[in-house]
Amino acid sequence: MAPSGSRSIRRGCKRVLYWIPVLFIALIVAWSYYAYVLQLCIESIEDTGEKVVYLLVYHVVFVLFVWAYWQTIFTRPLNPLKEFHLSHSDKELLEREDRGESQQEILRRIARDLPIYTRTNSGAIRFCDRCQLLKPDRCHHCSVCDKCILKMDHHCPWVNNCVGFSNYKYFMLFLAYSLLYCLFITATDLQYFIKFWTAGGKAHFRLKEYLKGLPDTQAKFHILFLFFSASMFSVSLASLFIYHCWLVCKNRSTLEAVRAPVFRHGTDKNGFSLGFSKNFRQVFGDEVKFWPVPIFSSLGDGCSFPTCLVNLDPELPSSPTGSNPASKAATEGRQFPSKPLRESQSRLLTSTPSWSESDGATDKDKKGASNPAITIENEA
């Protein structure tokens, strides 16, 4: 009982420690709200029109920022469907086999009925020993969450959550709105910061001299630190946001940018790239009105993704979704609202003739289009 109890205590302590970065961000945001709304707008700005405009714009950005951050933190990462888990008989069969090649034969047999197109560096089926499942494409095991996460990007300590298929759009919006939040504060606080900073003259460093530029309140200190913190966060957020924008355009995750996915024909860093437009819509969806709103609108089920493969693989199913059990269960038991598959979504998620064949295709090409592999034309 003692070892089990000590493990439980350690796990509890870890859970508390994992929330410290989130608590730090929450405190920074709460202080910035107090400093900007009360100390800057209400206490320091005398012009009523300017004050109202600043407060209105600030609160719109603030609500969107907090909403996106909340969604990123509390949206549960999705795990592979039950079809990817080994059955009890398959587990026993796998355990009885000692040789790695025999185990791979068993895994290959199971994988034939699943939309799995990626492999390990050695060409083997991607299998998770801890979760006892065949990993769907772009799925990885998170050592912090101790789970396999669909389209895992990375585990972010600042949100105490894995960023993956279910919340990647929220994470992108969180970066965008937090950057906008910091830039807005920096821009509107600048003139009052300059008054404070230059009040005592460059040659004087005594506190009394610096306090002559603004009314004699504590707002002076908040204006100074608010500008510094907002400008510093702007620099770091801008670099991170630009990097993830590049990943979205290339249809890559952070893990795939570090190590390119491996298909049966070899490593292909652009294997999932369908061109800028389709790459973007995979994350943000088809409907423009939902793009800036932190609600789920990404395309697909997280277990299968269209590719731009050109090497045909006779062992693979005919499409990433097709009629296999994984796609059938994709609409059931999800944590986000299910929506009917529109035509534009179908173009992303299935290998239709308009994607795999050109208008001037020969009969030979059309015959090859019925091959089980996905042959989606790369628009990139």
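Residues numbered from 1 in each chain as written. Predicted model: local features only at pLDDT ≥ 70, side-chain atom pairs only at ≥ 80, totals over all residues. Heavy atoms only, no water.

Caption draft 1: Region of interest: the overall build of the protein. In terms of helices and strands, the protein carries 14 helices and nine strands. Counting only residues that meet the buried cut, the protein has 46% of its 380 residues in that class. The contacts of the protein with a sequence gap of at least 6 include a subset with a gap of at least 24, amounting to 66%. Summed over its atoms, the accessible surface of the protein is roughly 19800 Å², and 61% of this surface lies on carbon and sulfur atoms. (Helix = DSSP H or I, 4+ residues; strand = E, 2+ residues; numbered from the N terminus. Buried < 20%, exposed > 50% of the residue type's maximum accessible area, 1.4 Å probe, protein only. Contact = heavy atoms within 4.5 Å. Areas by Shrake-Rupley, 256 points an atom, 1.4 Å probe, with all protein chains shown as cover.)

Caption draft 2: A nonpolar patch on the surface, seen in detail. There is a patch of nonpolar side chains on the surface, built from Val-52, Val-53, Leu-56 and Val-57 and spanning about 340 Å² of accessible area. Within the element layout of this structure, Val-52 appears in helix H3 (residues 48-74). The class for Val-52 is partly exposed, based on a relative accessible area of 42%. (Patch = residues over 30% accessible without salt bridge, like charges linked within 9 Å, V, L, I, M, F, W, Y side chains within 5 Å. Salt bridge = Lys/Arg side-chain N within 4 Å of Asp/Glu carboxyl O.)

Caption draft 3: Quick look at helix H5 (residues 100-111). Here H5 contains 12 residues, and its C-alpha end-to-end distance of 16 Å stays within 8% of the 16 Å for a straight helix at 1.5 Å per residue. The inward-facing, buried residues of H5 contact helix H4 (88-96), strand E2 (127-128) and strand E3 (133-134). (Expected span 1.5 Å × (residues − 1).)

Caption draft 4: Inspection of the pattern of salt bridges at higher detail. Within the structure shown, the criterion is met by seven salt bridges. A salt bridge links Asp-90 to Arg-109, with the shortest nitrogen-to-oxygen separation between them at 3.2 Å. In this pair, Asp-90 sits in helix H4 while Arg-109 sits in helix H5, placing the two residues 19 residues apart along the sequence. Residue classification places Arg-109 among the partly exposed residues on the basis of a relative accessible area of 39%. When the shortest N-O distance is used, the salt bridge between Glu-105 and Arg-108 registers 2.6 Å. Residue Glu-105 and its partner Arg-108 are located together in helix H5, separated by three residues, close to a single helical turn. One salt-bridge network, held together by shared partners, links Glu-101, Glu-105 and Arg-108.

Caption draft 5: Highlighting the packing of H3 against helix H6 (residues 168-197). Where H3 meets H6, the axes come as close as 8 Å, and the angle between the chain directions of the two elements is 155 degrees. By the angle class used here, H3 and H6 are roughly antiparallel. Once H3 is placed against H6, the crossing between them reads as left-handed. Looking at the contact of H3 with H6, its residues break down into 19 nonpolar, five polar and one charged. (Axes fitted to C-alpha atoms, helices over the stretch in contact; angles between N-to-C directions. Parallel < 35°, antiparallel > 145°, perpendicular 65-115°, else oblique. Left-handed = near helix turned anticlockwise from the far one by under 90°. Nonpolar A, V, L, I, M, F, W, Y, C, P; charged D, E, K, R; others polar.)

Caption draft 6: Fine view of the nonpolar core. One finds Tyr-36, Tyr-58, Tyr-168 and Phe-174 to be the most contacted residues of the largest nonpolar core, which totals 46 residues. The set of elements that each furnish at least two residues to this core consists of helix H2 (20-42), H3, H6, helix H8 (219-250) and helix H10 (276-284). Those residues in contact with Tyr-36 that sit more than four places away from it in its chain are Cys-41, Tyr-54, Tyr-58, Phe-184, Ile-185, Thr-188 and Leu-226. (Core = buried A, V, L, I, M, F, W, Y, C linked by side-chain atoms within 4.5 Å.)

Caption draft 7: Highlighting H2. Taking 1.5 Å of rise per residue, the 23 residues of H2 would be expected to cover 33 Å, and the 31 Å separating its terminal C-alpha atoms lies within 8% of that figure. Within H2, the full set of buried residues consists of Pro-21, Val-22, Ile-25, Val-29, Ser-32, Ala-35, Tyr-36, Val-37, Gln-39, Leu-40 and Cys-41.

Caption draft 8: View of a positive patch on the surface. The grouping of Arg-7, Arg-10, Arg-11, Lys-14 and Arg-15 at the surface amounts to a positive patch. Examined against the element boundaries, Arg-11 turns out to sit in helix H1 (residues 2-18). For Arg-11, a relative accessible area of 42% puts it in the partly exposed group. (Lys, Arg positive; Asp, Glu negative; His and termini not counted. Charge placed at Lys NZ, Arg CZ, Asp CG, Glu CD.)

Caption draft 9: Geometry of the side chain of Lys-169. Among the secondary structure elements, Lys-169 is positioned in helix H6. Here Ile-295 takes part through its backbone oxygen, which lies 2.8 Å from a polar atom of the side chain of Lys-169. In contact with Lys-169, not counting residues within four places along its chain, are Val-283, Phe-284, Phe-290, Trp-291, Val-293, Ile-295, Ser-297 and Ser-298. (Polar contact = N/O pair within 3.5 Å; in protein donor to acceptor, adjacent residues only side chain to side chain.)

Caption draft 10: Spatial organisation of the packing of aromatic side chains. Applying the stated rule across the entire model yields 28 aromatic pairs. Each ring, one from Phe-24 and one from Trp-158, has its centre 6.4 Å from the other, and the planes form 45 degrees; the classification is tilted. Of this pair, Phe-24 sits in helix H2 while Trp-158 is found in the loop between strand E6 (154-156) and strand E7 (161-163), placing the two residues 134 residues apart along the sequence. Consider the rings of Phe-165 and Phe-296, whose centres lie 5.8 Å apart with planes at 65 degrees: the pair is edge-to-face. One end of the pair, Phe-165, is in the loop between E7 and H6; the other, Phe-296, is in the loop between H10 and helix H11 (325-329), and 131 residues separate them in sequence. (Phe/Tyr/Trp six-rings, centres within 6.5 Å; stacked < 30°, edge-to-face > 60°.)

Caption draft 11: Representation of the confidence of the model for the protein within the structure. Per-residue pLDDT for the protein has a mean of 80; in total, 75% of the residues score no lower than 70. Per-element averaging of pLDDT across the protein places helix H13 (residues 353-356) at the bottom with 34 and H3 at the top with 97. Predicted confidence for residues 200-214 stays below pLDDT 50, and this span has 22 contacts to residues more than four positions away or in other chains. The low-confidence segment residues 310-380 (pLDDT under 50) makes 124 contacts with residues lying over four places distant or belonging to another chain. (pLDDT = per-residue confidence, 0-100.)

Caption draft 12: Up close: the sheet that holds strand E8 (residues 262-263). A sheet is described by the order of its strands in space; here three strands give the open sequence E1-E8-E9, paired in antiparallel fashion. The strands lining the two open edges of the sheet, one partner per strand, are strand E1 (118-119) and strand E9 (266-267). Relative to E8, E1 is paired through two bridges, and the arrangement is antiparallel. What sits directly across from Arg-119, in E8, is Val-262. (Pairing = 2+ DSSP bridges.)

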